[in-house]
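# Residue-level structure breakdown
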Amino acid sequence: MHRAPAHVRVLACVIACVAFVASAGVAVAVAQDYVERDTLPPGSGMAGVALDGMPLDVAQAALERELLAPLDEPIAVRCGDARVQVRPSQFVEVDVDSALRHLARTKAEAGLAKRLAARVSKERYGASLPLQIRIDRAGLDAWAAELAARSGTPAVDATLVVQARQLVVVPERPGLSIEPRRAADALAAAIAAGATSVELPVERIEPCVTRDDLGTAILVRRADRRLFLYEDGRLVKVYRVAVGAPDFPTPRGRFRIVRKRYMPTWGNPGSAWAVDMPKMIPPGPNNPLGTRALDLDAPGIRIHGTNKDYSIGHAASHGCMRMHRWDIEDLYERVSVGTPVFIID
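Everything in this summary refers to the structure shown in the same document. Small disclaimer: the values here were computed from a predicted structure and weren't measured.

## Comments concerning the overall build of the protein
Within the protein one finds seven helices and 24 strands. Across the 345 residues of the protein, 36% fall into the buried class. Taking the contacts inside the protein whose residues are at least 6 apart along the sequence as the reference set, 62% of them involve residues at least 24 apart. Accessible surface, the protein: about 19200 Å² in total, of which carbon and sulfur atoms supply 56%.

What follows is the structure in structure tokens.
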């Protein structure tokens with residue numbers, strides 16, 4: 001029997017050894033692949049969280065720690081003057097289970113050959129997923145609607161009030177309107193971006209009446225027998241007047257001028273005090289109303305001139321406020337129908 005040369009036998013032996021080692025290495029790699037069947041492939045990750053080679057339960061814990069826990073950190077929300085805090089977890093759901101299934105499927109779909117080759121080449125064939133969140137839009141809209149109802153404020157017009165026997169301006173104040181849909185959109189965008197604060201859009205509502213729109217106003221102080229004329233909340237002139245006698249007091253309250261009368265005709269009101277007077281008195285020196293009259297919305301009450309100039313400064317009228325001729329003619333030109341009249345003690 002012919003025997004192969006020694007060098008051939010040595011080569012055959014080396015080849016056999018290499019084949020044995022290789023087959024053993026493959027067997028080890030296959031066994032290792034089986035052992036790691038429930039781990040994620042290299043390159044796996046989600047939203048910047050590396051999950052290379054992690055078992056599924058460890059990977060889930062990592063995602064919950066890195067992605068879900070921050071959703072419990074509040075976002076500072078500014079809405080006009082209102083400041084509130086919102087936890088994104090109220091309105092957000094992250095489907096970690098689906099993401100992990102997708103990453104695990106990438107490994108299974110690669111096949112054994114590719115997985116074994118990747119062990120040698122160090123190829124990172126795992127998938128890298130972005131943050132996948134689902135926002136509860138209905139809940140977000142409901143929250144925004146409640147915030148709008150609570151934080152929105154109507155505009156307040158400037159007005160005049162009596163304080164310490166003076167007319168004082170209560171200044172105008174702008175209002176604030178919150179459109180719920182736009183507010184919800186802004187918060188949703190902040191949550192998706194991982195922001196820690198957000199300013200929601202608001203609309204400023206301007207008042208219809210400012211201090212400069214107040215115009216003229218009259219204050220009558222009965223005890224002082226004085227009439228005070230204001231312009232836009234500022235005192236501009238003071239007049240002496242006569243007010244109602246004790247039996248016919250000038251009414252207190254807030255009224256307004258409803259009619260201006262030039263050279264008025266006096267009509268008998270039919271009151272007991274006027275039974276001996278004519279039915280009417282035309283304009284002239286004997287007219288009790290003088291040359292001008294400003295009728296108020298209080299029945300039978302007006303600011304007017306008089307043919308009894310000596311009564312000015314006294315409680316002498318039948319409820320009206322009398323003025324010197326030159327004063328009523330001056331006041332007549334300064335006021336208009338609608339001018340408010342405040343009468344106090």
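## Thoughts on the sheet that holds strand 1 (residues 45–46)
Overall, mixed pairing links the three strands, which are arranged 2-1-6 in an open sheet. Strands at the two margins of the open sheet, each flanked by one partner only, are strand 2 (49–50) and strand 6 (128–129).

## Notes on the nonpolar core
In terms of nonpolar packing, the biggest core is built from 36 residues, with Leu51, Leu63, Val77, Leu100, Trp143, Leu187 and Leu200 touching the most fellow members. Counting residues per element, the ones that place at least two in this core are helix 2 (56–68), strand 3 (75–79), strand 5 (92–94), helix 3 (96–110), helix 5 (137–151) and helix 6 (180–193). The dominant element in this core, judged by the number of residues it contributes, is helix 6, at six residues. When sequence neighbours within four positions are dropped, the list of residues in contact with leucine 200 reads Val77, Arg78, Cys79, Trp143, Leu147, Ala183, Ala186 and Leu187.

## Section: the side chain of asparagine 287
Along the chain, asparagine 287 turns up in the loop between strand 19 (280–281) and strand 20 (292–296). For asparagine 287, a relative accessible area of 1% puts it in the buried group. Polar side-chain contacts of asparagine 287 include one of 3.2 Å to the backbone oxygen of proline 282. Among the polar contacts made by the side chain of asparagine 287, one reaches the main-chain amide nitrogen of leucine 289 at a distance of 2.7 Å. Residue contacts for asparagine 287: discarding those within four places in its chain leaves Pro264, Thr265, Trp266, Ile281, Pro282, Thr306 and Asn307.

## Comments concerning the sheet that holds strand 24 (residues 340–344)
Backbone-to-backbone hydrogen bonds join strands into a sheet, with any given pair of strands oriented parallel or antiparallel. The eight strands lie next to each other as 15-14-13-24-17-20-21-23, forming an open sheet whose pairing is mixed. This sheet does not close on itself; its edge strands, each paired only once, are strand 15 (234–240) and strand 23 (321–322).

## What about the pairing of strand 8 (residues 159–163)?
The pairing of strand 8 with strand 9 (residues 166–170) spans five bridges and is classified as antiparallel. Residue pairing across strands places valine 162 opposite leucine 167, the latter belonging to strand 9.

## Some points on helix 6
Taking 1.5 Å as the rise per residue, helix 6 with 14 residues should run 20 Å; its terminal C-alpha atoms sit 20 Å apart, in good agreement. Those residues of helix 6 that sit buried are Ala183, Ala184, Leu187, Ala188, Ala190 and Ile191. Within helix 6, the buried residues cover an arc of 160° as seen down the axis, which keeps them to one side. Within helix 6, the exposed residues directed more than 90 degrees away from the buried face are Ala192 and Ala193. Phi turns positive one or two residues past the end of helix 6, at glycine 194, with a value near 70°.

## With respect to the pairing of strand 24
With respect to burial, strand 24 is a largely interior element, five of its five residues being buried. Relative to strand 24, strand 13 (residues 216–221) runs parallel, the two sharing four bridges. Directly across from leucine 219, in strand 24, lies its bridge partner phenylalanine 342. Summarising the sheet, strand 17 (residues 253–262) and strand 24 pair through four bridges and their orientation is antiparallel. Its bridge partner being in strand 24, glycine 253 is matched across the sheet by isoleucine 343.

## Some remarks on the side chain of arginine 292
Among the structural elements, arginine 292 can be located in strand 20. Although arginine 292 is buried, it forms no salt bridge, and the closest oppositely charged side chain is glutamate 329 at an N-O distance of 4.0 Å. Contact partners of arginine 292, with chain neighbours within four places excluded, come to Arg261, Tyr262, Met263, Pro264, Ile303, His304, Gly305, Ile328, Glu329 and Tyr332.

## Re the environment of leucine 294
With respect to the element layout, leucine 294 can be found in strand 20. Classification of leucine 294 by relative accessible area gives buried; the value is 0%. Counting along the chain gives 10 residues from leucine 294 to histidine 304, while the straight-line C-alpha distance between them is 6.1 Å. Residues contacting leucine 294, with those up to four places away along its chain left out, are Ile257, Arg259, Lys260, Arg302, Ile303, Ile328, Leu331, Tyr332 and Val335.

The rules behind each value
- Residues numbered from 1 in each chain as written.
- Predicted model: local features only at pLDDT ≥ 70, side-chain atom pairs only at ≥ 80, totals over all residues.
- Heavy atoms only, no water.
- Helix = DSSP H or I, 4+ residues; strand = E, 2+ residues; numbered from the N terminus.
- Buried < 20%, exposed > 50% of the residue type's maximum accessible area, 1.4 Å probe, protein only.
- Contact = heavy atoms within 4.5 Å.
- Areas by Shrake-Rupley, 256 points an atom, 1.4 Å probe, with all protein chains shown as cover.
- Pairing = 2+ DSSP bridges.
- Core = buried A, V, L, I, M, F, W, Y, C linked by side-chain atoms within 4.5 Å.
- Polar contact = N/O pair within 3.5 Å; in protein donor to acceptor, adjacent residues only side chain to side chain.
- Expected span 1.5 Å × (residues − 1).
- Arc of directions from axis to C-beta.
- Lys, Arg positive; Asp, Glu negative; His and termini not counted.
- Salt bridge = Lys/Arg side-chain N within 4 Å of Asp/Glu carboxyl O.

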